[in-house]
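Spelled out, the chains give:
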Amino acid sequence: MRVCHYLELESALERSGIGTAADHQRLAVERANGDGIHASADVSDDTDDTDVELVTSPCDGRPWQIPARLARRTDPFVAYDVAHCNGIGPGSLALAGHARRTGRPLVLHAHVTREDFAESFRGSTLAAGPLGRYLRWFYSQADLVCCPSEYTKRVLESYPIDAPIETITNGVDLPSLEGFEAFRAPVREHYDLEGMVVFAVGNVFERKGVTTFCRLAQQTEFDFAWFGPYDRGPHASSTVRTWTKNPPENVTFTGWIDDKRGAFAAGDVFCFPTKVENQGISVLEAMACEKAVVLRDIPVFEEFYTDGVDCLKCSTLSEFRDALERLADDPALRRRLGERARETAEEHRLEVVGERLHEVYRRVRAKT
């Protein structure tokens, strides 16, 4: 079975959660196949239906050739049995339209909601309302909408989306984190980190709690490090520009780090005061590395994590501060939470994701 597994603006989204989630899906399918995928626009006609062959470009040729080919009444799209889009832009819209016109099953992966778009970039909060109306229309075209959590499913149902919605975890790539311990000393030395290091991983947004992160640092004596890219240009929010330009003395914004294992090695307590999240891949990665995790108590985390078992959950700044001080005073608690966190992460391994995707592709194909 051929699946056109498409993420438009793939290079631009390489350092985003959406890009990571799409990568996880492709790796998951590869592992479920057992003998690899063919991530190419050039496909043969002899694919065994028991495996899933992925093509990652929807057009047979260059994207800018599509209008000319359409004018010549030549179909510019690759051969595929199922379309699976991870984006919401014009490229995804074109592939979705082609799937609908040709009667092929369409799976849309909902990585974006109006709720998690707000407080990300400059102007994103104002744009969230119109975006929500677009997403309602766009996702409703699908034969099946996939999303990473029951929370996100409820959000989409509230729009409402006129399509079936199912949840599939974004998963965590456990092998990609192996050997992270070796990075601890060099990364800590490079960024001058000492003691119990409180850290976060991912893009620096106000939605992800950068203000809480920095105010926590101001009220404690721990070293804080946020490993991930940030923008000080016109797209950045004023809040992000303010904190990254003049951070508290004990906060380091590292920018992009080439090997994520360095972040999880250098840090001791993963602190993620995000306000809205559809799942949070970095949380699972921290758990996979047996780190103690401190989370904001928001609905999405209720279905995945248990306070006092595999994490600590907080609602206020003082609760976050108390949790960090408690973990600093009790290394055994840090170790115990980390061990249970690893067990949680293993429930989201990519083999589980691959099995679900294979099942979804077979099912939607059988229904069309």
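Each chain carries its own residue numbering, running from 1 in the written order of its sequence. Given that the model is predicted, a residue must reach a pLDDT of at least 70 before its local features are reported, and side-chain atom pairs must reach 80 or more before they are shown or counted; all residues, however, enter totals for whole chains, interfaces and linings. Remark: hydrogens and water are excluded; side-chain values derive from all non-hydrogen atoms of the structure.

(A) Structural detail: the overall build of the chain. Secondary structure elements follow DSSP: runs of H or I of four or more residues count as helices, runs of E of two or more count as strands, with numbering from the N terminus. Of regular secondary structure, the chain possesses 15 helices and 12 strands. A burial count over the chain gives 54% of its 368 residues as buried. Any residue under 20% of the maximum accessible area for its type is buried, any over 50% is exposed, and the rest in between are partly exposed; the area is computed with a 1.4 Å probe on protein chains only.

(B) Representation of the pairing of strand S9 (residues 251-255) in the model. In terms of burial, S9 is largely enclosed, as 4 of its 5 residues are buried. Paired strands, in this sense, are two strands between which DSSP finds at least two bridges. Here 4 bridges tie strand S8 (residues 223-227) to S9, and the two strands are oriented parallel to one another. Across the sheet, residue Trp226 finds its bridge partner in S9, namely Phe253.

(C) Focus on the sheet that holds strand S10 (residues 269-272). Spatial strand order, S9-S8-S7-S10-S11-S12: 6 strands in an open sheet with parallel pairing. One side of each edge strand has no neighbouring strand; the edge strands of this open sheet are S9 and strand S12 (312-314). Strand-to-strand, the axes of this sheet are offset by a mean angle of 25 degrees, without reference to chain direction. In what follows, a contact means two residues having at least one pair of non-hydrogen atoms within 4.5 Å. Axis definition: a line fitted to C-alpha atoms, over the contacting stretch in the case of helices. Angles run 0 to 180 degrees between N-to-C directions. Sheet strands touched by helix H11 (residues 281-288): strand S7 (197-201), S10 and strand S11 (292-296). Its angle to S10, the strand with the most contacts, is close to 165 degrees. Its contacts with the sheet put helix H13 (residues 317-329) on S7, S8, S10, S11 and S12, and the angle it makes with S11 is roughly 175 degrees.

(D) Geometry of the side chain of Thr212. Along the chain, Thr212 turns up in helix H8 (residues 210-218). Thr212 gets classed as buried once you look at its relative accessible area, which sits at 15%. Sequence-distant contacts of Thr212, defined by excluding residues within four places in its chain, comprise Pro273, Arg296, Leu317 and Phe320.

(E) Just the environment of Leu131, in detail. Checked against the element boundaries, Leu131 lands in helix H5 (residues 124-139). Among the residues examined, Leu131 registers a relative accessible area of 14% and is labelled buried. Between the alpha carbons of Leu131 and Val112 there is a distance of 9.5 Å; along the sequence they are 19 residues apart.

(F) Quick peek at the pairing of S11. In terms of residue burial, S11 counts as a mostly covered element, since 5 of its 5 residues are buried. Residues of S11 alternate between two faces, with Ala292, Val294 and Arg296 on one and Val293 and Leu295 on the opposite face, all of them buried. By convention, orient the strands away from the viewer: a clockwise path from the first strand over the helix to the second makes the crossover right-handed. Note on the crossover from S10 through H11 to S11: the handedness is right-handed.

(G) Looking closely at the nonpolar core. Residue types Ala, Val, Leu, Ile, Met, Phe, Trp, Tyr and Cys, when buried and joined through side-chain atoms within 4.5 Å, form a set referred to as a nonpolar core. In terms of nonpolar packing, the biggest core is built from 64 residues, with Tyr139, Val145, Leu156, Phe227, Val283 and Tyr305 touching the most fellow members. Take this core: its biggest share by element is 5 residues, from H11. Each residue touching Tyr139, except ones within four places of it in the same chain, is listed here: Ile88, Leu108, His109, Ala110, His111, Val112, Val145, Leu156, Ile161 and Ala163. By size, the runner-up hydrophobic cluster in this structure holds 28 residues, among which are Val198, Phe253, Ala292 and Leu324.

(H) Structural view of the confidence of the model for the chain. The pLDDT value expresses, per residue, how confident the predictor is, ranging between 0 and 100. Model confidence for the chain is summarised by a mean pLDDT of 89, while 87% of its residues fall at 70 or above. Throughout residues 35-48 the model reports pLDDT below 50, and contacts reaching past four residues in sequence, or to other chains, amount to 31 contacts.

(I) Seen up close, a negative patch on the surface. Taken together, Glu150, Glu157, Asp297, Glu302, Glu303, Asp307, Glu319, Asp322, Glu325 and Asp329 make up a surface patch of like negative charges. Secondary-structure elements contributing two or more residues to the negative patch are helix H6 (150-158) and H13. Mapped onto the secondary structure, Glu303 falls in the loop between helix H12 (299-302) and S12. Residue Glu303 is classed as partly exposed on the basis of its relative accessible area, which comes to 34%. For patch building, the residue pool is restricted to those with more than 30% relative accessible area and no salt bridge; the joining distance is 9 Å between like charges and 5 Å between nonpolar side chains (Val, Leu, Ile, Met, Phe, Trp, Tyr). Surface accessibility follows the Shrake-Rupley procedure with a 1.4 Å probe radius. Residue values consider only the protein chains on display as shielding. Just to be clear on terms, a salt bridge is a Lys or Arg side-chain nitrogen sitting within 4 Å of an Asp or Glu carboxyl oxygen. When charges are counted, Lys and Arg are positive and Asp and Glu negative, with His and the chain ends excluded. A charge is said to be at NZ when it belongs to Lys, at CZ for Arg, at CG for Asp and at CD for Glu.

(J) The arrangement of unusual backbone geometry in detail. At the junction of Tyr159 and Pro160, the peptide bond is cis and its omega measures out at 0 degrees in the coordinates. Secondary-structure assignment places Pro160 in the loop between H6 and strand S6 (165-167). Unlike most non-glycine residues, Asp192 shows phi in positive territory, near 55 degrees. Mapped onto the elements of the fold, Asp192 is located in the loop between helix H7 (184-190) and S7. The exposed category is assigned to Asp192, whose relative accessible area is 59%. The phi dihedral of Glu290 falls on the positive side, at around 60 degrees, and the residue is not glycine. Tracing the backbone shows Glu290 in the loop between H11 and S11.

(K) Examining the pattern of salt bridges more closely. In the structure shown here, the tally under the stated rule is 18 salt bridges. A salt bridge links Arg363 to Glu166; the shortest N-O distance between them is 2.8 Å. Note that Arg363 is positioned in helix H15 (residues 350-367) and Glu166 in strand S6, a separation of 197 residues in sequence. For Glu346, the salt bridge identified is with Arg342, shortest N-O distance 3.0 Å. Taken together, the residues span about one helical turn, with Glu346 and Arg342 both in helix H14 (residues 331-346) at a distance of 4 residues. By sharing partners, the salt bridges in this structure join Glu166, Arg356, Glu359 and Arg363 into a single network.

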